[in-house]
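# Structure assessment
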Amino acid sequence: MKSRGELSGSILDAIGDTPLVEIEGIFCKLEYLNPSGSVKARIAKYMVERAEREGLIRPGDTIVEATSGNTGNALSMVAAVKGYRMLVVMPEGLSGERVAISRAFGADVLHVGHFHVDEALAKAKELGRKEGYFCPSQFESEWNVEENRTWLGPEILSQLPEGVVPDALVMGVGTGGTLVGVGQAFREVNPDVKLFAMEPSESKTLLCGEIGEHLIEGISDGFVPGIFERHESLVDTTLSVESEEAVEAMRWLAKRHGLFVGPSSGANLIAAGRVREMYPDLENVVTLFCDEGEKYIQDHFSEEVRALEAENFT
Ligand code: PMP
């Protein structure tokens, strides 16, 4: 991989190589710094390039994918660079910035369903079967897991201080690709590493099938994804975090540490902190900050939101 100072072929060469920092004794991987603003830049690039190598996509074809936003943004960027058409299928009710970002990359956005991704998923799969379309199927594809096992996971391991191996990985589940794939990479250096899934308290889909609205966009999309179902035995425990706590932690990360991230990063930090408290022998806990705060300005950082907060405060 090229370092950021070298001459690059395209923006896609700047994906990866994100910093690992220690916050409150937890190792946090700053994936929000990837081009297009999230961890999903990695699977987008990986899955499209795999499809090219396997002859599943040809110049002029359309990539179609169901997403709660970040994968849509990332695939739209990849499609722009590589000259494919992009159709993002996403539900209504998620942050407006995500739609604007995909459109800025030249993608078309089709709204199907409200808030949860299941209906969008069915539509994307249906379109993906048509001639000239390719659907990466992030919720089911082993390529998603493979990227995390072979790229993101080893990158984190290489950044940990000399002699440190991870004892636990804590990660919110959207597709489950990050938790499972990075977890598999960690198990190679520490077979006892504990994997903690995180989901919103308002939508405990993994714990008890409950599906509800919540503010931690990008996780708990309204169904148990195929990846998680297939690899569930790798996961030790599932924790839940309330939306309000996640948003509060997100704001604190910006104010206290200068990390302008989204609610799932706040939720991951809270869950990781709980793991440290509950299991003091798990010393080296790793989590990820998945997307950037810019995607939530309307919902969580706008003047209107500030005014409301001020009202509640007085
Ligand atoms: N946080 C955010 C903001 C995301 O967009 C996603 C992916 N949808 C996740 C966490 C979860 O990642 P994964 O799909 O690998 O489970």
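Note that this is a predicted model, so its numbers are computed, not measured.

## A look at the sheet that holds strand E9 (residues 237–241)
Taken together, six strands build an open sheet; the order of strands is E1-E2-E10-E7-E8-E9 and the sheet is mixed. At either margin of the open sheet sits one strand with a lone partner, and together these are strand E1 (20–23) and E9. Within the sheet, the average angular offset between the axes of one strand and its neighbour, ignoring direction, is 30°. Pairing geometry for strand E2 (residues 26–30) and strand E10 (residues 285–289), over four bridges, is parallel. Considered in E10, the bridge of Phe-27 is made with Val-286.

## Here's the deal with unusual backbone geometry
In this model, Asp-17 sits at a positive phi of 60°, which is unusual for a non-glycine residue. Topologically, Asp-17 is positioned in the segment before E1.

## A short note on the domain arrangement of the protein
For the protein, the domain assignment lists domain 1 (11–33 + 148–298) and domain 2 (40–134). Each of domain 1 and domain 2 has a C-alpha centre, and the two are 23 Å apart. Mapped by element, the contributors of at least two residues to the side of domain 1 that touches domain 2 are helix H5 (142–159) and helix H11 (297–301). Split by residue class, the side of domain 1 that touches domain 2 holds nine nonpolar, six polar and six charged.

## A word on the UniProt feature "domain: Tryptophan synthase beta chain-like PALP" (unreviewed entry) in the protein
Here the UniProt-annotated "domain: Tryptophan synthase beta chain-like PALP" (unreviewed entry) positions come out as residues 11–291. For the annotated span residues 11–291, helix accounts for 42% and strand for 19% of the residues, and the straight-line distance between the end C-alpha atoms is 18 Å.

## Things to note about the site of the ligand
The ligand sits among 18 residues. The nearest are Gly-174, Thr-175, Thr-178, Gly-218 and Ser-264. In terms of residue count, the dominant contributor to the shell around the ligand is helix H6 (residues 177–189) (three residues). A domain split of the shell around the ligand shows at least three residues from each of domain 1 (11–33 + 148–298) and domain 2 (40–134).

## Focus on the environment of His-114
Position of His-114 relative to the elements: it lies in strand E5 (residues 108–114). For the pair His-114 and Asn-190, spaced 76 residues apart in sequence, the C-alpha separation works out to 41 Å. Sequence-distant contacts of His-114, that is, excluding residues within four places in its chain, are made with Pro-91, Glu-92 and Gly-93.

## Some thoughts on helix H10 (residues 263–278)
Here H10 contains 16 residues, and its C-alpha end-to-end distance of 23 Å stays within 8% of the 22 Å for a straight helix at 1.5 Å per residue. The set of residues buried in H10 consists of Pro-263, Ser-264, Ser-265, Gly-266, Ala-267, Asn-268, Leu-269, Ile-270, Ala-271, Ala-272 and Val-275.

## Regarding the pairing of strand E3 (residues 62–66)
Looking along a regular strand, one sees side chains alternate from face to face of the sheet. Of all the five residues making up E3, four are buried; the element is thus mostly covered by neighbouring parts of the structure. Across five bridges, the pairing between E3 and strand E4 (residues 85–92) is parallel. Residue pairing across strands places Thr-62 opposite Arg-85, the latter belonging to E4. Tracing the backbone out of E3, into helix H2 (residues 70–82) and back to the parallel element E4 gives a crossover that is right-handed.

## A few points about the packing of helix H1 (residues 40–53) against H5
Where H1 contacts H5, the two axes come as close as 9 Å, and the packing angle between them is 115°. Considering the angle they form, H1 stands roughly perpendicular to H5. Handedness of the crossing formed by H1 with H5: right-handed. Contacts between H1 and H5 pair Arg-42, Ile-43, Tyr-46, Met-47 and Arg-50 from the former with Trp-143, Asn-144, Glu-147, Trp-151 and Leu-152 from the latter. In terms of residue class, the contact of H1 with H5 is built from six nonpolar, one polar and three charged.

## A few points about the confidence of the model for the protein
When pLDDT is averaged across the protein, the result is 95; 97% of the residues are at 70 or more. Per-element mean pLDDT across the protein ranges from 69 in helix H12 (residues 303–313) up to 99 in E10. Listed scores for the predicted complex are pTM 0.95 and ipTM 0.99.

Thresholds, definitions, all that
- Residues numbered from 1 in each chain as written.
- Predicted model: local features only at pLDDT ≥ 70, side-chain atom pairs only at ≥ 80, totals over all residues.
- Pairing = 2+ DSSP bridges.
- Helix = DSSP H or I, 4+ residues; strand = E, 2+ residues; numbered from the N terminus.
- Axes fitted to C-alpha atoms, helices over the stretch in contact; angles between N-to-C directions.
- Domains from an automatic or database assignment.
- Nonpolar A, V, L, I, M, F, W, Y, C, P; charged D, E, K, R; others polar.
- UniProt positions renumbered as here; feature names shortened; annotations may be inferred.
- Near = placed C-beta within 6 Å.
- Contact = placed C-beta atoms within 7 Å.
- Expected span 1.5 Å × (residues − 1).
- Buried ≥ 20, exposed ≤ 12 C-beta atoms within 10 Å, placed from the backbone.
- Right-handed = clockwise from strand over helix to strand, strands pointing away.
- Parallel < 35°, antiparallel > 145°, perpendicular 65-115°, else oblique.
- Left-handed = near helix turned anticlockwise from the far one by under 90°.
- pLDDT = per-residue confidence, 0-100.

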